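The lines below spell out each chain.
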Amino acid sequence: MELPKNYDFKQSEEKWIKYWEEEGIYKFDPNSKKPIYSIDTPPPTVSGKMHMGHASSYSQMDFIARYKRMKGFNLFYPFGTDDNGLPTERLIEKEKKVRSVEMDRDDFIKLCLDTLNEIRPGFIKDWKKIGISCDFKIFYSTIDAHCRKISQRSFIELYNMGREYRMLAPTIWCPECQTAIAQVDLRDEEKQSHFNDVIFKVDNEDIVIATTRPELLPACVAVFYHPEDNRYKKYKDKKAKVPLFNYEVPILEDSRVDPEKGTGIVMCCTFGDQTDIEWYKSFNLPLKKAITKDGRMTEIAKEYKGLKIKDARKKIIEDLKKNNLLVKQQEIKHTVNVHERCGTEIEILESYQWFIKYLDLRDQLLRYGSELKWYPEFMRHRYDNWVKGLQWDWCISRQRHFGIPFPVWYCKNCGEIKLAEEHELPVDPLTNTPKTQCKCGSIDFEPEKDVLDTWATSSLTPQLSIELFKNNEIKSKLFPMNLRPQAHDIITFWLFNTVVKSRLHYNKNPWHDVSISGFVLDPHGRKMSKSLGNVVEPQSIVDKYGADALRFWAASVKLGDDIPYQEKEIVTGQKTVVKLWNASKFCIQHLEDYNKESVKLEEIDKWLLNRLDYIVKISTENFERYEYSKTKAETENFFWNIFCDYYLEIVKDRLYNPDKRGEESRKSAQYTLYKSLLTILKLFSPITPFITEEIYHLYFNEKENKKSIHLETWPFPDKADTSLDVMGNLFIDVVSRVRKFKTENQKTLKESIELTLPEEEIKILFNSLEDLKAVTNSRVIKEGKFKISF
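Structure report, in brief. Quick caveat: nothing in here was measured; it's all calculated off a predicted structure.

## So, the sheet that holds strand S6 (residues 179–180)
In step 1: Reading across from one edge, S6-S5-S14-S16 is the order of the 4 strands in this open sheet, with antiparallel pairing throughout. Strand pairing shows two members of the sheet lacking a second neighbour, S6 and strand S16 (394–395), which therefore form its edges.
In step 2: For strand S14 (residues 347–356) and S16, the ladder comprises 2 bridges, and the chain directions are antiparallel. In the strand pairing of S16, Phe-355 is matched with Cys-395.

## Focus: the pairing of strand S22 (residues 481–487)
In step 1: The buried count for S22 comes to 7 of 7 residues, which makes it a mostly enclosed element.
In step 2: In this structure, S22 lies alongside strand S23 (residues 511–517), joined through 6 bridges in parallel fashion. Considered in S23, the bridge of Met-481 is made with Trp-511.
In step 3: Note on the crossover from S22 through helix H13 (residues 491–506) to S23: the handedness is right-handed.

## Focus on helix H21 (residues 689–704)
In step 1: End to end, H21 covers just 18 Å across 16 residues, shorter than the expected 22 Å (1.5 Å per residue, more than 12% under).
In step 2: Of all bends in H21, the biggest is about 65°, found at His-697.
In step 3: Buried residues of H21: Pro-689, Phe-690, Ile-691, Thr-692, Glu-693, Glu-694, Ile-695, Tyr-696, Tyr-699, Phe-700 and Asn-701, and no others.

## Focus: the sheet that holds strand S15 (residues 373–375)
For sheets, the rule is that strands pair by backbone hydrogen bonds, running either parallel or antiparallel.
In step 1: Taken together, the 3 strands give an open sheet; going across it, the order is S15-S23-S22, and neighbouring strands pair in parallel fashion. In the strand order of this sheet, the two ends are held by S15 and S22, each with one partner. If you compare each strand with its neighbour and ignore which way they point, the axes differ by 20° on average.

## Some thoughts on helix H8 (residues 362–371)
Because the α-helix completes a turn every 3.6 residues, residues three or four places apart line up on one side.
In step 1: Along H8, the residues classified as buried are Leu-365, Tyr-368 and Gly-369. Down the axis of H8, the sector holding all buried residues measures 100°, keeping them to one side.
In step 2: Taken together, the buried residues of H8 touch S15, helix H9 (380–388) and H13.

## Details of the packing of aromatic side chains
In step 1: According to the stated counting rule, one finds 49 aromatic pairs in the structure shown.
In step 2: With centroids separated by 6.4 Å and ring planes inclined at 20°, the aromatic side chains of Phe-155 and Tyr-159 adopt a geometry described as stacked. Here Phe-155 and its partner Tyr-159 are both found in helix H5 (residues 145–160), 4 residues apart, which amounts to about one turn of the helix.
In step 3: Residue class for Phe-155 comes out buried when judged on its relative accessible area of 1%.
In step 4: Judged by its relative accessible area of 25%, Tyr-159 is partly exposed.
In step 5: Where Tyr-225 meets Tyr-232, the ring centres are 6.3 Å apart and the plane angle is 45°; that geometry is what we call tilted.
In step 6: Tyr-225 gets classed as buried once you look at its relative accessible area, which sits at 0%.
In step 7: Look at Tyr-232 and you get buried, because its relative accessible area is 10%.
In step 8: An aromatic cluster is present here, built from Tyr-358, Trp-374, Tyr-383, Trp-386, Trp-394 and Phe-496 joined pairwise through their rings.
In step 9: The lysine or arginine in question, Lys-632, covers the ring of Phe-552, its NZ or CZ lying 4.1 Å from the ring centre.
In step 10: Taking NZ or CZ as reference, Lys-747 lies 5.5 Å from the ring centre of Phe-790, over its face.

## Here we look at the nonpolar core
In step 1: With 179 residues, the main nonpolar core has Tyr-383, Phe-643, Phe-731 and Leu-772 as its most contacted residues.
In step 2: In terms of residues, this core owes the most to one element, helix H18 (residues 628–656), which gives 12 residues.
In step 3: Ignoring anything within four residues of it in the chain, the contact list for Leu-772 reads Phe-731, Val-734, Val-735, Leu-755, Leu-757, Leu-765 and Ile-781.
In step 4: Trp-173, Tyr-247, Met-267 and Met-297 belong to the second largest nonpolar core, which has 40 residues in total.

## Digging into the environment of Arg-625
In step 1: By the element assignment, Arg-625 lies in the loop between helix H17 (603–624) and H18.
In step 2: Among the residues examined, Arg-625 registers a relative accessible area of 38% and is labelled partly exposed.
In step 3: Sequence separation between Arg-625 and Glu-693 is 68 residues, and the spatial gap between their C-alpha atoms is 25 Å.
In step 4: Polar contacts involving the side chain of Arg-625 include one to the side chain of Asn-622, which spans 2.8 Å.

Conventions used here
Residues numbered from 1 in each chain as written. Predicted model: local features only at pLDDT ≥ 70, side-chain atom pairs only at ≥ 80, totals over all residues. Heavy atoms only, no water. Pairing = 2+ DSSP bridges. Helix = DSSP H or I, 4+ residues; strand = E, 2+ residues; numbered from the N terminus. Buried < 20%, exposed > 50% of the residue type's maximum accessible area, 1.4 Å probe, protein only. Right-handed = clockwise from strand over helix to strand, strands pointing away. Expected span 1.5 Å × (residues − 1). Bend = angle between axes of the 7 residues up to and from the residue. Axes fitted to C-alpha atoms, helices over the stretch in contact; angles between N-to-C directions. Arc of directions from axis to C-beta. Contact = heavy atoms within 4.5 Å. Phe/Tyr/Trp six-rings, centres within 6.5 Å; stacked < 30°, edge-to-face > 60°. Lys NZ or Arg CZ within 6 Å of the ring centre and 35° of its normal. Core = buried A, V, L, I, M, F, W, Y, C linked by side-chain atoms within 4.5 Å. Polar contact = N/O pair within 3.5 Å; in protein donor to acceptor, adjacent residues only side chain to side chain.

So, in structure tokens, the structure goes:
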């Protein structure tokens, strides 16, 4: 059999991507009787390109997918793209030189869909190039009509349940993006600031209040101290004069004040933080708006009107100093909330917004989280901590032009909310009108201009993929899904919100298991970013080393751990691919006349297969726990250190010299080579799908009558014979000692020797002495004290 000398990964990978697609190797079969295993695949955003984090986390979920397929499951493994957010809007504006706000929303969405259809194949190609085995024909885009309909239907259902409301309320606001955002859109950032000790006047006395935000002085509506703080009890029910602005506010008691923080007496402004909101509501305080939606001071700030927030802070501090109203400044570092998207410090402004009510469900949400199987288990703490720290209902409205519109109008006559009918969906209230009149008889409506938060749609990914099928029986088998794979940074975004939606709509969790992957870091443990200049692009790694090498690296870290990018691990992966190729070529050359007949096995062959059974057993157990890294490590160790370093050397004599040992002995070696190599390929195939497919088609596909190794059956271990371990371990130990002796004496491994072994060792090795004699090139093996001589 003429076999290629070298493995050309570039030619091979391209060939198998095309083959898998043309042959439908990864196609979900809705008519199959096999049990279904369904994966809620994360939809990437087309506006970017695949980065190392994608390459790592998608490879890790694909290890599981390929394993489950080989375990006999009918795999539901869709692929969608997340296209209804700001990144997509910016991309289309740049590509097509347009502005979203200057176009009809429907026209801009159509332009988006058309443009995405043009660029998406190139984007998805990166996922195919790293061997992701999704059924790419089960596809959705979160801005297409199918997804807009499901998202709007969700809104209508939750509204009718009484779980959604619209109200004028304090809302987290991003002045840069000029939109309301949800608590989940925040991240903490440590910043330099100052505690400013400012003088308020009470009658003719001074009280000092420490604040980091003096620009909110014109929005001060009260002063609070702790009811047990004796320093301030004498001021109860008195008035304090706000410095610079010279109006009076009440001095009140409340236990939420921390007497140890600052000076122990605080100002309440509308709004500086969550406590301000609570006091505003509890004490029915007036509303003073000091900051505009674009982050400037309002008219109540008097001479500071129109200044940006930070400029106003600086100017007010200067004026406090001039008027001897600033006692001292203390430099501090403190944590502030910033918008996750743009990094801008958030404000709390009162505005009309839509909310999903779930603060009343905190205990249930903790229980729902506990009912999921978390891999790794400790990641559940992130979910629990998030739920326990919830302070706001979910704000789902965004003041943006592009996105999925609320299916809502407001009656101009009576203010009644008018919802679209389900059969009309998807709708855009800016261009569509209600088909029926209001309860009051009016037909004059005002459209809702806001759009839904992107997470309000992304939290429906199980439905976005499952509802591509119309058969209700299939849909019922697919939900709840088996697995949600995702990165740890969006547990509070995507995972939590999907649980919320699924529980509200269906009263069940959306999946049984969740697997959480980590970040990719640079070799120094820093997050990769363009500003640090430490970004490594997976495309260049695949071009240089091949997709299997990259996947091998992604399998080197256990699930949930952050993974530092180490090129040496990529190189190790490439070396393993080459070794697998060369070892397989050796085996296949000696299997040309093998016909799979049953044979009597030599003792050392039994040992190897027994040892391999153990690897299969623990690899299967590891995969069932999503511990692919342990499967990779065990298989890699067996392949390099047992199969290649020892076994292939042991059987060479039988393969090359059948006349010396007999044809039955050669057939035993052939049987073992066939079974062990095929098993090794199967164990490696979820991690290195290209090289294993290449080798499989060199020889095994015709013998096994399968179109792909990825449609093969996962190996099943026989019962282990522990007595063989004693013999095999001793055999390897003796060979190792002989090799070491020859090396220390500067002899080649082919140098012949006389080998003397103790009686008990000869007894253990009795049935494998001929193999030991051949592999050590011993002229004779004698009984006695251990000795090697030339």
